[in-house]
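Below, each chain spelled out in residue letters.
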Amino acid sequence: MRRIGRGVLALAVAGFVVVGGIAAERAGPDAPAAAVRGTAVSSVWLCPHGGGEGWTGTIALADPGPEPVDVRLTELSTGAPSAPVTITVPAGHEVLQPVEAGSVADATYLEVFGGWVAAGWLVRSAPPSQGLGVEPCAPAASRTWYTNDSDTQQGHRSYLVVMNPFSIEAVFDVALFRPRLPPVRSADWIDLTLPPASSIALNVGAKLLGQEIVGAEIDVSRGRVAMASLSVSPDGGVRSVLGAPAPSATAFLPVAEGAGQAELAAFVPGAQGVQFVTQLLSAVSPQAAGTAGDTQQPGASTAGYPIISVGPSSVDVTSVGGVPFVATLRARGQQHDDAATGGAVAPGSAWIVSPTVDGEPSHPQLVLVDPGPTAVQVTLRLLTPGSGPAGPQVTITVAAGRVAGAPKGFLEKDDRAAVLVTADGPIVVLGTSTSGRANGLASYGSAVGIPVPFEGLGVG
Amino acid sequence: MSATTAYSSPPEPVPSVLVVLAVRDAAEWLRECLQALAAQTYPRVGVLAVDDASEDGSNELLLQALGEGRVLRHDNHLGLSRCFDEAVAHPVAAEADFVLLLHDDAVLDPEAVARLVEATMLAGAERVGIVGAKIVDWDHPRRLRDVGRSADLFGHPYSALQAEEIDQGQFDRVLEVLSVDSCAMLVAREVWQTSGLFDERLGDDDGDLDLCWRARIAGFNVLMTPLARVRHAAVAERDDRPGVERSRRYEEDRAALASVLKNDGLLTLGWVVPLGGVLTLVRLLYLLLSRRFEEAYEVLAAIGWNVAHLPSTLSARRRVQTHRRIKDRVLRRFTESAGLRLPRWFTTAERILEEQRELEAEEADEPAAARLRQRTVSLVSTHPVIVACFLGIVVGALAARGLVGPDRLYGGAIPAFPSSPSGFFAELVSGYRTTPLGGSLAASPALGLMGGLSSLLFASTSLAQKIMVGVGPALAAILCYRAAVRLTGRPGPSVVAASAYGLSAVVLSAFSDGRVALLAALVVLPALVERLEVAFASAEPPDGRWRSIAGLAVTIAVGIAFVPGLLLGIGVVALVQLITGSRRARGLAIVALSSVGAAILLFPFVPSLVADRGAALGSELGSSDPWHLVRLAFEDGPATWAPALFLPVAAVLGLALASGDRRRPALRAGLIAIAGLTLAWLSAAGYLPSQIANTPVYVSLAATAEAFLVAFGLASAIGALGREAFGFRQVGTALLTLTLAGGILLQAVATMTAEWAIGGPDRIPAAWAVVDSSSKGPFRVLWIGADDGRSFPAPGGDPQGVIEAGAATLRYGLTTRVGALAIDTARPFVGPGSDAMREALGEILSGTSIHGGALLAPFGVRYLVASDDQLSDAARTRLDAQVDLDMVPAAGLAIWVNEASLSPATVLKANEKTVRIVLAGQPAATQRLTAVPAVSLSQVEGGWSGATGGGNLAVVSTEFDDAWTLQGSAAEPARTFGWATSFPVNGPSVSIRYGAQLPRTIAIWVLAAVWVAALWITRKPVAR
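Residues numbered from 1 in each chain as written. Chains lettered and ligands numbered in written order. Predicted model: local features only at pLDDT ≥ 70, side-chain atom pairs only at ≥ 80, totals over all residues. Heavy atoms only, no water.

### Quick notes on the packing of helix H20 (residues 505–513) of chain B against helix H21 (residues 516–536) of chain B
Residues and elements named next belong to chain B. Let me state the cut-off plainly: With axes taken as lines fitted to C-alpha atoms, and helix axes fitted only over the stretch in contact, angles between N-to-C directions fall between 0 and 180 degrees. Working definition: helices are DSSP H or I runs of at least four residues, strands are E runs of at least two. Numbering for both runs from the N terminus. When an angle is under 35 degrees it counts as roughly parallel; over 145 it counts as roughly antiparallel; between 65 and 115 it counts as roughly perpendicular; any other value is oblique. Crossing chirality is assigned from the near helix's rotation relative to the far helix, an anticlockwise turn below a right angle marking it left-handed and a clockwise turn marking it right-handed. Contacts are assigned to residue pairs that have any heavy atoms within 4.5 Å of one another. Residues were grouped as follows: Ala, Val, Leu, Ile, Met, Phe, Trp, Tyr, Cys and Pro as nonpolar; Asp, Glu, Lys and Arg as charged; and all remaining residues, including Gly, as polar.
Between H20 and H21, the least distance of the axes is 8 Å, while the angle of their chain directions is 150°. Relative to H21, H20 is oriented roughly antiparallel. Relative to H21, H20 is oriented so that their crossing is left-handed. Along its contact with H20, which presents Val506, Val507, Ala510 and Phe511, the element H21 presents Leu518, Leu519 and Leu522. Its residues assigned to classes, the contact of H20 with H21 shows seven nonpolar, no polar and no charged.

Right, dumping it as structure tokens:
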């Protein structure tokens, strides 16, 4: 009996171990606690704005939060960086900081401490031309970049402005894409080395001439960079488009009222071809947007699709099957300056739109797009330069699937102000303006809004 | 000439023999001795007795038997040698051809003298100077006591006789020997006149070898004749004489060395003395490690005696060498066959081989397989320990083949040893922690042991490192054997249990990774568990309560000095014993007092143990895979494969088979094993607070308990097998045997063929060269990885902590540029500096800050290193987002370089903004730090020093303490970055020193005294 009892005990122990092991395997390890938000808030903005001889540049810094924020600004170019300068952006306000833009390779690196600010750039070509390039800065560096706004037709100059603000050299390859022909990978644009804390401008026309839409892909093997395209027309018009760190399957490309003909430039970097589904949202019901949905664009190519829009609109593009692509919307200005935007890949509920005005008189506009199924309440607040009381605020409603603009006269209260746009649903926002010369139509700039993280609003 | 008047030549006179009888308090034996003398058949025998201050009537007996003129009397005891020397100096001795030295407890056969003299005249025997007899036991005349002796190279006598060997005529021929026993020694006059008689400085029992050796050197032969038989009581060896107190080891060592120094030629001395020195060192080490302090002292005392008496030895040497007629090499034939003192088990091995040869002769008619099987069974069952040792040596030698070489070991988790033993002692004594982030936590007393070991091993820390790792598994098995044999009383089962323990996954894994501390814990654990079992057992501890308490305290202290988490294991065992033990109150009292004792033995280290609520007890190591843990592996490694399950399976079978008075201990061992495995999983899975989460300790505890279960099961099963009908026991035993045989064999094969994580420099990832060779000057490395319980790639060592951040949760460790350090053994990474670093990492992993480089700069972190496959995507994303951490290409490792890093001690050219940042002490300020012109300071004893290079702010990455001083300045230290230390400086150079060294120095001296006392209390008494 005792022997049987011991045997049973042994079996029980063995059984306990096996059952325990199975239970432990199923239970798995305890989930670690979530990260606790710290107190050392910091972020960066990389602004590869470029420039040219006689050009001027401005960095617009807007603080939507309740506390002032310090920004350390360093200017980069092909030589040594400038000594850092620290700027304090008052809470709920904006600072317009002049920066060097006298060289096509000029760029600005911003380090933000103690809060969050939105940053965008304005570059103006040298008089008498009234070219204006406006774009939001990049919130982070990346190891891949895509852009498709270069134009190497006769008289046009297009550059890829690449910046490396970090402490190690960056090494990258550049490939250029064009319609209906294989990509161009020039030998001297392979393993390009960009020294630490410097920037460079690559002349696209030196490698690929006569193309209206040239897409560029940068692949970084060491380090990290930020990239934007800078295009100058024969009349001195300027288009500035921040690169995309990765292609996506959707794009929201707002365009302003009175923009003239617009063109959707699509760049498919991968080998697989794309069938687009496009939709033009406007004040009326959605409709097809141009001819982009009619044909399949082959892989590793760029293509342009004319867009006819009436009033403030948005071209929403989706690829069938989720094939990634990069899209830019070029809008013809009233005079010699054009504008372009890379749009947004996803709607959001809070945006800051940098000022796009350069000179008086001006016609600032705001394009508010509600791509969703429900109407959205949108609150606009001006973040004015300087300090003092908060800027004016207004609330409007954007119907589902519709596009609306800011109320008349609202933006004119301070056309140099950034605009904080908050909504109770997902929207996309574009800031745009014409300004300068007698009729205020000489310069045309547009820049999509900068998504605001909740903590930037002092929430969460 | 008639027959009646036939002429006959006068007979040749026979040599005269003077028997010199030394007597002291020998009334019990003297009468028989004298009667035997009277019965001698030899015609020319005279007797001269020397009474060495006898008080038992021996003197009266002598006078009665020999008359006044033949008895010399001493009033004080002068010893045998003096007695004999005085006798041969007597005028009557000058007329004798031979003296026969005789002890008072020796009885000569009637023919003895005649045979001894006869031997001097044997044909072919020239210049016979000394003849000895066949000495048999007084009480058992068939037992041989002496048939002549040889010696080893170092002057220790060696006898070919086995203990209590029976006289079967095996030595019945005249033998040429090196020496004979002086209890009945015939010495030719020419010998003592040439070489003198005994060296009176040597002991009474040791002078005969020396005398015979000198005779040999002078060209005389020394013979033993079996025809002369002497019964000898050997009273001196048995301590039968009242008032005699002597240590044979001391006297033998003393005499041996003195003889060597006198008698060996110069050339021979040139290599014998150094070789003897090395062997003495090894012997001393063994004696010290086994706490035979008195014996070790006697070894040293013997050397010391020879040093003190060197002048007289040299004087005697001159006389000996003057009369030298033969070279040392001629005497080699009398040297012990191996040339060295053979350890007891080599002798046993010789005997075993002899037994096997006899068995083979008996089994000649049987089939070869049957013979082999029978011989194997016979061998293993008769000599299990020897067999296990032999096999263990073979397995160990093959396993450790890659560890041989002059370089230190690399790879795994092996910590770097300092370049010299003084590095250990310096850290032990230092008032501040010299390893990353500093602080005042004391180093572990384990450093004293490691430093001492390194010092003993020719001041080679790399050799000490290899010894600690290489010997660890064997030592663990040996101590497991000792503990098991004490618990079960059965050597055979204990050997099997020890083998299973030594080949268990946890032991081999610790060996593979070079975990010196964990190996020490594995060595100590069996003794700890056994002592706790004894403490709570119904019988009183065999050593007595107080020795038991002291021994347990020392064992606990040694274990905790290496692995503080062992306290958790002790707690588990104590709890199980409290629940199930027999004498709970006594056991609890012993454990409590032992714990107090251990705390005293570790007292400077206790604050380190309790810092941060006992952070030192926990460990971040350990896989949460329960199937790994069941086979006693807390991480992947060689020999942690499925066959490692043999020990747990065998333990279950052992639990089933344990019976009788082994049943309750087996049940306790089973409970301990289950508790250990359960706690191991809970620890690894993160369900326990970090202070009590220690997977390696719990797994080690389970392994120990399972080994004991094997011992209990085997001990119960074997021996009862034949008494019971076939059934459960037989089946269980068969299963257990098969499991153990198969498991041990497979583990042994795996051990012999394994590729260990430690080895040469090739064990370091090649990508490490990016860190090691590309940067100059001092810096620190932050090792990071996912919280998967693994160690870092070499040389990162083991993780020191975990930062919880959801999917980006990281384990981390901060090391110097050479990696994990042995001087940080057992010391936790806690304190304000550690807290600040955790806060910085939290900022990075939460995504709040992307200036991680600046946040980590104050900690001297120049590189962040992770294994490519050990970093979660979320954590990698966070690190990639840092703008001042740049990833560098490195195959196999993910390495970020921090260009904003500060040297661990540096002088900054700080502007006002930088000074504000440095003194602010908040991460929000620190993250704004940019690269600042700086000059590194060098670490020196007691602090740092160097040129300022025009800088104005000296910043040292060590925890703030008021005791830091700036030499030559009244400047006070400032708290920097919230936790570090800085001084405003001007001038060309700066010297920063720690000003509170004295209390630590005093504490260490007191600690040393406490340990000496504890080891003395727990010493093993000397065998006299």
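Don't stop here, the text continues.
### Focus on the interface of chain A and chain B
Keep this limit in mind: The buried area of a pairing is the accessible area, by a 1.4 Å probe, that goes missing from both parts when the two are put together, added over both. Any Lys or Arg side-chain nitrogen found within 4 Å of a carboxyl oxygen on Asp or Glu counts as a salt bridge. Any pair of nitrogen or oxygen atoms within 3.5 Å is treated as a polar contact; in protein, a donor-acceptor pairing is required on top of that, and neighbouring residues in sequence qualify only through side-chain atoms on both sides.
Contacts between chain A and chain B engage 44 residues on the former and 50 residues on the latter. In total, about 3800 Å² of surface goes out of reach between chain A and chain B, with carbon and sulfur atoms giving 59% of it. Between the two partners, chain A and chain B, sit three salt bridges. Of the charged contacts in the structure, one is a salt bridge between Arg143 of chain A and Asp880 of chain B, with a shortest N-O distance of 3.8 Å. Here chain A is connected to chain B by 23 residue pairs in polar contact (both at pLDDT 80 or more). Elements with a contribution of two residues or more to the side of chain A that touches chain B: helix H1 (2–27), strand E1 (42–47), strand E3 (69–76) and strand E6 (107–113) of chain A. Per-element tally for the side of chain A that touches chain B: the top contributor is H1 of chain A, with 15 residues.

### Considering unusual backbone geometry
The amide bond that connects Pro127 of chain A to the next residue, Pro128 of chain A, takes the cis arrangement and shows omega of 10°. Mapped onto the secondary structure, Pro128 of chain A falls in the loop between strand E7 (118–124) and strand E8 (132–136). Unusually for a residue other than glycine, Phe977 of chain B sits at a positive phi of about 55°. Summarising the element assignment, Phe977 of chain B is placed in the loop between strand E27 (974–976) and strand E28 (980–984).

### Observations regarding the sheet that holds strand E17 (residues 238–242) of chain A
Residue and element names in this part refer to chain A. The line we're drawing: DSSP bridges decide pairing: two strands pair if at least two such bridges lie between them.
Taken together, four strands build an open sheet; the order of strands is E14-E10-E16-E17 and the sheet is antiparallel. Edge positions in the sheet fall to strand E14 (198–203) and E17, since each of these pairs with one other strand and no more. Adjacent strand axes in the sheet meet at a mean angle of 20°, parallel and antiparallel pairs treated alike. Sheet topology note: the strand E10 (residues 157–164)/strand E16 (residues 226–232) ladder contains seven bridges and is antiparallel. The partner of Leu160 across the bridge, within E16, is Ser229.

### Some thoughts on the packing of aromatic side chains
Residues and elements named next belong to chain B. Heads up, the rule is: Each pair of aromatic rings taken from Phe, Tyr and Trp, with Trp reduced to its six-membered ring, is defined by centres within 6.5 Å and is described as stacked if the planes are under 30 degrees apart, edge-to-face if over 60, and tilted in the remaining cases. Relative accessible area decides the class of each residue, using a 1.4 Å probe on protein chains only: under 20% of the type maximum gives buried, over 50% gives exposed, and in between gives partly exposed.
Going through the model one piece at a time under the given rule, you end up with 20 aromatic pairs over all chains. A centroid spacing of 4.9 Å and a plane angle of 85° characterise the contact between Phe511 and Trp756, whose relative ring orientation is edge-to-face. One end of the pair, Phe511, is in helix H20; the other, Trp756, is in the loop between helix H30 (728–753) and strand E14 (758–759), with 245 residues separating them in the sequence. Exposure class is identical for Phe511 and Trp756. Each is buried. Centre to centre, the rings of Trp964 and Tyr994 are 5.1 Å apart; their planes meet at 65°, and the pair counts as edge-to-face. Taken together, the residues span a long stretch of sequence, with Trp964 in strand E26 (residues 964–966) and Tyr994 in strand E29 (residues 989–994) at a distance of 30 residues.

### Some words on the pattern of salt bridges
All names here are of chain B. Applying the stated criterion across every chain yields a total of 50 salt bridges over all chains. Between Arg433 and Asp824 there is a salt bridge whose closest N-O contact spans 3.2 Å. One end of the pair, Arg433, is in the loop between helix H16 (421–429) and helix H17 (446–456); the other, Asp824, is in the loop between strand E17 (810–816) and helix H32 (832–845), and 391 residues separate them in sequence. Classification of Arg433 by relative accessible area gives buried; the value is 3%. The class of Asp824 is buried, set by a relative accessible area of 18%. Among the charged side chains, a network of salt bridges with common partners joins Asp199, Arg201, Asp210, Arg214 and Lys262.

### As for the confidence of the model for chain B
Residues and elements named next belong to chain B. Note the following rule: Across the chain, each position has a pLDDT score giving the predictor's confidence in that residue, from 0 to 100.
Per-chain confidence: chain B averages 89 in pLDDT, with 93% of residues scoring 70 or above. In this model, residues 1–6 is a region of pLDDT below 50 whose contacts with residues beyond four sequence positions or in other chains number two contacts. Every residue in residues 338–342 scores below 50 in pLDDT, and together they form eleven contacts with partners more than four places removed in sequence or on other chains.

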